[in-house]
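Structural features, examined
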Amino acid sequence: MSLLTNVMDHSLDDGYAEAAARKKADGEGGMPKTLRAKLGLALGLVLAALIVTVGAAQARVAAPVVAKEREELIDRIDQETDAADELEDSVDELRADVSARQREALRDSGGGDGSALVGILSGAVAVHGPGVRLVVDDAKDTSAGGDGDPRSTSGFSDTGRVRDRDMQRVVNGLWESGAEAVSINGQRLTALSAIRAAGDAILVDNRPLVPPYTVLAVGDGGRLSDRFQNSADGLYLHALQENYGIRTAISAEDDVRLPAAPSVIVRTAQPITEKGTS
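Summary of the structure given here. If you're wondering where the values come from, they're calculated on a predicted model, not measured in any experiment.

1. What to know about the sheet that holds strand β4 (residues 195-198)
Ordered in space as β4-β5-β6, the 3 strands form an open sheet in which the pairing is antiparallel. Here the strands that pair on one side only, and so sit at the sheet edges, are β4 and β6 (207-209). Across the sheet, the axes of successive neighbouring strands diverge by a mean angle of 40°, strand direction being ignored. As judged from the 3 bridges shared by strand β5 (residues 201-204) and β6, these two strands associate in the antiparallel manner. Bridge pairing links Leu-203 to Pro-208 in β6.

As structure tokens, then:
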């Protein structure tokens, strides 16, 4: 206890106390030193205030320049966006013109039912008739998975989202079940169509799709629906619904309408002429 008492009573070391007493007796640390300290502090405050003032003045001067550059950048973005929209409209017009010329060429190539059939099968003409409507959507909880793994060969870890390979199987299953024409979210599929993935997005002919995915297929509605649901691809879709919560709904329709494909461009295949067959 005496040690604690000594520490509390003599918080300042005796040596420090003696040194302070000697400096005070010798006149050191008096008014002149205090005045210098005050002058130094005042000078430091003046310099700090000067720096802050200069910085504020520079910011005030630079503000209009930055605002002007920002406005110019926004204007450039708007201009480029308008230019991109114009180019996209031009592309759509050219695609429509190509499709019209293709349809005209099909009509002029001999006419009759054969020409019309070629146009339907190639996707060059819009079609309608009885068929099925199949809606496929992501699970409500896209982070949940089930016990089964019907997509074990896809290379994806399941998150309850519909994948490109799922839609590939759906479309192939409809073709195999007797569909005569198929579209996904209003995009007509042809023999050259590709269903691919870009991240979590599904692309059809490089155009992104947004769920839910509505698949329309022309064919014998009731029979097409039954054959698809009983096929391997229909059972696959049912397994996704049971194990991963993916939502599906299929119904037979009296009349479904599918647009023509934007353009069908064949770069490699060539027709066999009569001379080539002889």
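2. Here's the deal with helix α5 (residues 164-176)
The first and last C-alpha atoms of α5 sit 18 Å apart over 13 residues, in line with the 18 Å expected at 1.5 Å per residue. Burial in α5 covers these residues: Asp-164, Asp-166, Met-167, Val-170, Val-171, Gly-173 and Leu-174. Positive phi shows up at Gly-178, right after α5, with a value of about 115°.

3. A few points about the packing of aromatic side chains
Tallying each qualifying case throughout the model produces 0 aromatic pairs. One Lys or Arg, Arg-169, reaches over the ring of Tyr-236 and ends 4.1 Å from the middle of that ring.

4. Some points on the sheet that holds strand β7 (residues 213-218)
The 5 strands lie next to each other as β3-β2-β7-β1-β8, forming an open sheet whose pairing is antiparallel. The sheet is open, and its two edges are formed by β3 (187-188) and β8 (247-258), each paired on a single side.

5. Brief notes about the environment of Leu-224
Structurally, Leu-224 is set in helix α6 (residues 221-230). For Leu-224, a relative accessible area of 2% gives the class buried. Among all residues touching Leu-224, those that are not within four sequence positions of it are Val-132, Leu-174, Ser-177, Gly-178, Ala-179, Ala-217, Val-218 and Gly-219.

6. Things to note about a nonpolar patch on the surface
On the surface, a cluster of nonpolar side chains totalling about 360 Å² of accessible area is made up of Leu-43, Leu-47, Leu-50 and Val-54. With respect to the secondary-structure elements, Leu-43 resides in helix α3 (residues 31-108).

7. Thoughts on the pattern of salt bridges
Enumeration over the complete set of coordinates arrives at 5 salt bridges. The partner of Asp-137 in a salt bridge is Arg-247, with the nearest N and O atoms 3.2 Å apart. Taken together, the positions of Asp-137 in strand β1 (residues 127-137) and Arg-247 in strand β8 put the pair 110 residues apart, joining distant regions of the chain. Note on Arg-247: relative accessible area 35%, which makes it partly exposed.

8. Focus: a negative patch on the surface
A contiguous patch of negative charge, built from Glu-69, Glu-71, Glu-72, Asp-75, Asp-78, Asp-82, Asp-85, Glu-86, Glu-88, Asp-89, Asp-92 and Glu-93, is present on the exposed surface. Within the secondary structure, Asp-85 sits in helix α3. With a relative accessible area of 37%, Asp-85 lands in the partly exposed category.

About the thresholds
- Within each chain, residue numbers correspond to sequence positions counted from 1 in written order.
- Only residues with pLDDT of at least 70 are given local features in this predicted model, and only at 80 or more are side-chain atom pairs given and counted; all residues enter the totals for whole chains, interfaces and linings.
- Only hydrogens and water are set aside when side-chain values are computed; all heavy atoms of the structure are taken into account.
- When DSSP finds two or more bridges between a pair of strands, those strands are recorded as paired.
- Going along the chain from the N terminus, every DSSP run of H or I of four or more residues is numbered as a helix, and every run of E of two or more is numbered as a strand.
- An axis is simply a line fitted to the C-alpha atoms; with a helix, the fit covers only the stretch in contact. Between two such axes, the angle follows the N-to-C directions and lies from 0 to 180 degrees.
- Expected helix span is computed as 1.5 Å times (number of residues minus one).
- For each residue, the accessible area found with a 1.4 Å probe, counting protein chains only, is set against the maximum for its type, and the residue is called buried under 20%, exposed over 50%, and partly exposed in between.
- Here is the rule: rings of Phe, Tyr and Trp (six-membered ring for Trp) pair when centre to centre is within 6.5 Å. Planes less than 30 degrees apart are stacked, more than 60 are edge-to-face, and the remainder are tilted.
- Criterion for a charge above a ring: Arg CZ or Lys NZ at most 6 Å from the ring centre, at most 35 degrees from the ring normal.
- Any two residues whose heavy atoms approach within 4.5 Å are treated as being in contact.
- For patches, a residue must show more than 30% relative accessible area and have no salt bridge; joins then use 9 Å for like charges and 5 Å for nonpolar side chains, namely Val, Leu, Ile, Met, Phe, Trp and Tyr.
- For every accessible area listed, the method is Shrake-Rupley and the probe measures 1.4 Å; residues are considered covered only by the protein chains on display.
- By convention in these notes, a salt bridge is any Lys or Arg side-chain nitrogen within 4 Å of a carboxyl oxygen on Asp or Glu.
- The charge count treats Lys and Arg as positive and Asp and Glu as negative. His and the chain ends do not count.
- Charge placement uses NZ in Lys and CZ in Arg. For Asp and Glu, CG and CD serve respectively.

Fair warning: the whole summary comes from geometry, so function is off the table for now.
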